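A structural walkthrough
Given next are the chains, with one letter for each unit.
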Amino acid sequence: MRYNPISKDLFINNRENLKKYILPGSIAVFTSNDVMPTNADGTMGFRQNSDLFYLSGIDQEDTILIVYPNSKNDAWQEVLFIKETNDHIKIWEGDKLTQDQARELSGVKTIYWTSQFESILNNLIFEVNNVYLNFNEHTRASKSFSSKEERLIKWFKKSFPLHTFLRASPILHQLRSIKSKLEIEQINQAIDITAKAFKRVLPLIKPGIQEYEIEAELTYDFLKNRSRGHAYAPIIAAGSGACVLHYISNNKECKDGDLLLMDVGCEYGNYASDLTRCVPVNGKFSARQREVYDSVLNVLKDATSLLIPGNTWKEYNEEVAKLMETELLKLKLLTKNDILKQDKSSPAYKKYFMHGASHYLGLDVHDVGGKYEPFQAGMVLTCEPGIYIREEGLGVRLENNILISDNGPINLMKNIPLEVEEIEELMNG
């Protein structure tokens, strides 16, 4: 790993919180992600399963964690399995974690090799009635391939058909939605790296620069600061490309008069940041660009004030919709008659603002968490309104990362330029 080690206290506390939800007579089992193939014998970069990392801090393939709170043998209450190295692996891949290193990173005392998993499990499984297993239950998750979690579920059901199997995901969604102090520190580190990169890149943006050149400059700063890289596929979209919500080709020239949308964020220690800013390629907002920018900025500021404990997703989005309607009326993109006659299932403002205003942020850029429970202190959400005018080839989105607290919303990106004057000064200074 490139990032500095995270205190094992984070993972010890996370496991203790999990144990509060596990029924007596149960074990919970979590597995790492696959190393995904490309072509021939190629592989993609490994990305750890977020729930396993949350509970163990182990950032290595072929890892399994068992949590068994009610075991009468203290040594079995937490058992971690890691990949055993050998001379062949050392030659081709380098060192893997030793058991002592895994113990220090995770705080788990009982460590075995992954090859011992089945034999150790047989010592435990018949003492319990229930097995909690994990699955990617994110509403946006792709189910187009068989994951390691899915294969483990099938193996358990075939091997132990008389046990009761329970879902661990709802528990992890609830736990992970509330960030601890140590998690906020990781997110802030990711944000700080993103801020440095954004500020350095701004003066480099001139007519004629390619979108991919900007991506390369950002990537350089991310990697230089111990990040693995981007937390998600970066969007560097000049002109009409900004009206494509998930534009990731980043292969166009930035032209004089274009507004450039950059939706980027680095990952640090598996925790994500998520920033969006829009800047004029020539260093000066046109009157129309500023008009639309100011409207989005108004919504961003007012929407942020709604991210407080006790508010709900439904109430929040209803208020953001009203804020957006007000701005679209000012911009003369909508009329009062459009709003009066709108189909409530497809409101008029959706023509220009078609995505959600916020999502959870944490170990995943679209992090897990409930959508039907009130906001709570400790949640981190994005706030990202946008206005996309396809007929004008003009798209503006602005995004900050917000920590909900009992003392009001805390903008974790307060040190990243946002006001028009700040951006123009940095671009021309």
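The paragraphs below set out a description of the structure included in this document. (Residues numbered from 1 in each chain as written. Predicted model: local features only at pLDDT ≥ 70, side-chain atom pairs only at ≥ 80, totals over all residues. Heavy atoms only, no water.)

Quick notes on the nonpolar core
Formed by 112 residues in total, the largest nonpolar core has its most connected members in Ile214, Leu260, Tyr293 and Ile387. Ranked by the residues each element gives to this core, the list is headed by helix α8 (residues 181-201), at nine residues. Here Leu260 is in contact with Ile205, Ile214, Ile236, Ala237, Ala238, Cys254, Arg277, Cys278, Val279 and Val281, once residues within four sequence places are set aside. (Core = buried A, V, L, I, M, F, W, Y, C linked by side-chain atoms within 4.5 Å. Buried < 20%, exposed > 50% of the residue type's maximum accessible area, 1.4 Å probe, protein only. Helix = DSSP H or I, 4+ residues; strand = E, 2+ residues; numbered from the N terminus. Contact = heavy atoms within 4.5 Å.)

Things to note about the pattern of salt bridges
Considering all chains together, one arrives at 31 salt bridges under this definition. In this structure, Lys19 engages Glu78 in a salt bridge whose closest nitrogen and oxygen atoms are separated by 2.7 Å. In this pair, Lys19 sits in helix α1 (residues 8-19) while Glu78 sits in strand β3 (residues 78-82), placing the two residues 59 residues apart along the sequence. Residue Lys19 is classed as buried on the basis of its relative accessible area of 16%. Taking relative accessible area as the criterion, Glu78 reaches 12% and is therefore assigned buried. In this structure, Glu424 and Lys284 form a salt bridge, with 3.6 Å as the shortest nitrogen-oxygen distance. Here Glu424, found in helix α13 (residues 420-428), pairs with Lys284, found in the loop between β12 (275-280) and α10 (287-304); they are 140 residues apart in sequence, far enough to count as distant. Look at Lys284 and you get exposed, because its relative accessible area is 53%. A single network of salt bridges, built from pairs that share partners, joins Glu61, Asp62, Lys83, Glu93, Lys96 and Lys148. (Salt bridge = Lys/Arg side-chain N within 4 Å of Asp/Glu carboxyl O.)

A short note on the packing of α1 against helix α4 (residues 99-106)
For the pair α1 and α4, interaxial distance at closest approach is 6 Å and the crossing angle is 75°. The angle between the axes of α1 and α4 places the two elements in the roughly perpendicular class. Each of Lys8, Phe11, Ile12 and Arg15 in α1 lies in contact with α4, whose residues at this interface are Glu104, Leu105 and Ser106. Tallied by class, the residues present in the contact of α1 with α4 amount to three nonpolar, one polar and three charged. (Axes fitted to C-alpha atoms, helices over the stretch in contact; angles between N-to-C directions. Parallel < 35°, antiparallel > 145°, perpendicular 65-115°, else oblique. Nonpolar A, V, L, I, M, F, W, Y, C, P; charged D, E, K, R; others polar.)

Remarks on α10
The end-to-end C-alpha separation of α10 is 26 Å, in line with the 26 Å expected for 18 residues at 1.5 Å each. Among all positions in α10, only Gln289, Val292, Tyr293, Ser295, Val296, Leu297, Val299, Leu300, Ala303 and Thr304 are buried. (Expected span 1.5 Å × (residues − 1).)

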